[in-house]
Amino acid sequence: MDRESSQLIRGLEGVVAAPTQLCDLDGTHGRLAYRGYDITDLARHASFEEVAHLLWHGDLPTGGELDRTTVALIAARDIPRELVETFRLTPKDTDPMRALQTAVAILGMRDPDATDNSHAANLRKAVRLTSQIATAICAHHRVRSGQSPIPAAPDLGHAANFLYMLTGRRPSTVTAKAFDASLTLYAEHELNASTFTTRVIVSTQSDMHSAVAGGVGALKGPLHGGAGEAVMRTLMEIGEVAHVDAFAERALAEKRRLMGFGHRVYKAGDPRAAILRGMAEEACRQSGQFKWYEMAVKLHARINAAKGLIPNVDFYSAPLFYSLGIPVDLFTPVIAAGRIAGWTANILEQHDDNRLIRPRGEYVGPKRRAFVSVDKRA
Ligand code: CMC
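Values in this document were obtained by computation on a predicted structure and should not be read as measured data.

Quick word on the packing of aromatic side chains
1) Next: Applying the stated rule across the entire model yields 9 aromatic pairs.
2) Next: Ring centres 6.3 Å apart and planes at 35° place the aromatic pair Y186 and F321 in the tilted group. A residue pair is termed long-range when its members are at least 10 positions apart, and Y186 in helix α8 (residues 173–186) and F321 in helix α15 (residues 313–323) qualify at 135 residues. By the burial criterion, Y186 is buried, and F321 matches it.
3) Next: Considering the side-chain rings of F315 and Y316, the 4.9 Å spacing of their centres and the 85° angle between planes classify their relative orientation as edge-to-face.

A few points about the site of the ligand
1) Next: Near the ligand there are 19 residues, and of these H224, R257, L258, G260 and R264 occur at the shortest range.
2) Next: Between the ligand and the protein, one listed contact pairs an oxygen atom with a backbone N or O atom of G225 at 3.4 Å.
3) Next: At a separation of 2.8 Å, an oxygen atom of the ligand approaches a polar side-chain atom of R264.

Section: the pairing of strand β1 (residues 23–26)
1) Next: Here β1 shows one buried face, formed by C23 and L25, and one open face, formed by D24 and D26.
2) Next: In the sheet, β1 pairs with strand β2 (residues 31–34) via 4 bridges, with the strands oriented antiparallel. Residue pairing for β2: C23 is matched across the bridge by Y34.
3) Next: Counting the residues in the hairpin turn of β1 and β2 gives 4 residues, including G30, whose phi is positive at 65°.

Regarding the domain arrangement of the protein chain
1) Next: As assigned here, the protein chain comprises domain 1 (21–221 + 328–352) and domain 2 (227–323).
2) Next: Between domain 1 and domain 2, the contact holds 24 residues from the first and 24 residues from the second.
3) Next: When domain 1 packs against domain 2, close to 1900 Å² is buried across both sides, 73% of that on carbon and sulfur atoms.
4) Next: Of all residues in domain 1, Y186, V328 and F331 bury the most surface against domain 2, accounting for 32% of the area lost on that side.
5) Next: At the junction of domain 1 and domain 2, the tally comes to 0 salt bridges.
6) Next: Here domain 1 is connected to domain 2 by 6 residue pairs in polar contact (both at pLDDT 80 or more).
7) Next: For the side of domain 1 that touches domain 2, the elements supplying multiple residues, two or more each, are β1, β2, α1 (39–45), α8 and α16 (331–352).
8) Next: The residue makeup of the side of domain 1 that touches domain 2, split by class, is 12 nonpolar, 8 polar and 4 charged.

Describing the layout of surface pockets
1) Next: Taken as a whole, the largest pocket encloses approximately 1500 Å³ of empty space.
2) Next: Contributing to the lining of the largest pocket are 46 residues, with A193, L223, H263, R264 and V265 lying nearest its centre.
3) Next: Of all the secondary-structure elements, those providing two or more residues to the lining of the largest pocket are β1, α9 (193–202), α15 and α16.
4) Next: Here the residues of the lining of the largest pocket sort into 22 nonpolar, 12 polar and 12 charged.
5) Next: When residues of the lining of the largest pocket are assigned to domains, at least three fall in each of domain 1 (21–221 + 328–352) and domain 2 (227–323).
6) Next: Taken as a whole, the second largest pocket encloses approximately 650 Å³ of empty space.
7) Next: Lining the second largest pocket are 27 residues, and of these L12, V15, A17, I357 and P359 sit closest to its centre.
8) Next: Listed by contribution, the elements that provide at least two residues to the lining of the second largest pocket are α9 and α16.
9) Next: Considered class by class, the residues forming the lining of the second largest pocket number 12 nonpolar, 8 polar and 7 charged.

Conventions used here
Residues numbered from 1 in each chain as written. Predicted model: local features only at pLDDT ≥ 70, side-chain atom pairs only at ≥ 80, totals over all residues. Heavy atoms only, no water. Phe/Tyr/Trp six-rings, centres within 6.5 Å; stacked < 30°, edge-to-face > 60°. Helix = DSSP H or I, 4+ residues; strand = E, 2+ residues; numbered from the N terminus. Buried < 20%, exposed > 50% of the residue type's maximum accessible area, 1.4 Å probe, protein only. Near = heavy atom within 4 Å. Polar contact = N/O pair within 3.5 Å; in protein donor to acceptor, adjacent residues only side chain to side chain. Pairing = 2+ DSSP bridges. Domains from an automatic or database assignment. Contact = heavy atoms within 4.5 Å. Buried area = accessible area lost by both parts, 1.4 Å probe. Salt bridge = Lys/Arg side-chain N within 4 Å of Asp/Glu carboxyl O. Nonpolar A, V, L, I, M, F, W, Y, C, P; charged D, E, K, R; others polar. 1 Å grid on protein atoms, 1.4 Å probe; cavity = no way out; pocket = protein on both sides within 12 Å on 5 of 7 lines; lining within 4 Å. Points joined across faces, edges and corners; volume = space filled by probe spheres on them.

If you want it as structure tokens, here you go:
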């Protein structure tokens, strides 16, 4: 590329890469809405099924539409037996995100619409993937723990059924609602790294399963969805509320990157973190593990005062998920179980109005050199 015409923007910061009707993210004022509905209203009053329907179809469902979406999601919960067999054959210590990525690829091999990129087929696959990913995460966890997968409970909603398939226990209404709201808060977030990945993949006219497998790979990293797990490991490293100050001093002196803090777009505050903070407080109190919430609040205050960094969505979700009984290395798969609604909605949007995503690189290597044959190289 000509140096004169090069406009290198590292990390594509601030670059607007696609029109979208899905997510309205106001980083300056810390506001977030899905298709015009404020995230706070959706988290409080809508179920994950309603939010998924909203993202896929454009409007909140009527009662009848919600029934149909709910029935379709329930009907799609089963996963192929080969997938469970694959989990049995994988090493017990396989990272659950790697297992999930494999699961998505295998689900693609068995999906009747796998290579059909039409809107109708994409909608069917969005429903199937949303349900099957939840089942696959839970089945993998059970198998690696030496237990059998738990069949889905048809009378439970998506969030409650997830917790049931994971633990074998029916969650209380309060627990199910907290988990359901978490899935909603993670469902969509504009062109974050994993969603952008899914859009890049389908912009080549590749298919939904290929794109979602790529999205899982991008979400896994600790600068993205992997941060939640890292936050919990940080809290465990600190151990006690009384140790927070000493930890913060050390981390600041070492210029350590603190997981769960900072955001590329939100500078004043991440609205999801504020909602999750309240949910974490409640869940930690209910579960008798209030110290994780207290530690998080103290660390938040200390880091914010020292560096002005804001907690992002992954900060308070860590003590929340932990107190809901979710194993720490399943935090990122759980985020995927929410984000699948947004990934698939973005894939629908990209396929429906596609242009190949193909940016340029700025060449900074050696200038043109004369070729030297191998026998003459020093
Ligand atoms: N801890 C310590 N310093 C930080 C942090 C942090 N978490 N985040 C930003 N900074 C500092 C950074 O050191 C830099 O300082 P200086 O200008 O003095 O060198 C400045 O803030 C700008 O940082 P940056 O890395 O250039 O900013 P970015 O927009 O590329 O980073 C981020 C965004 C999310 C990658 C970063 O804040 C980070 O690494 N956070 C920790 C990981 C994390 O929590 N990720 C989840 C992100 S939100 C949810 C999601 O995407 O799934």
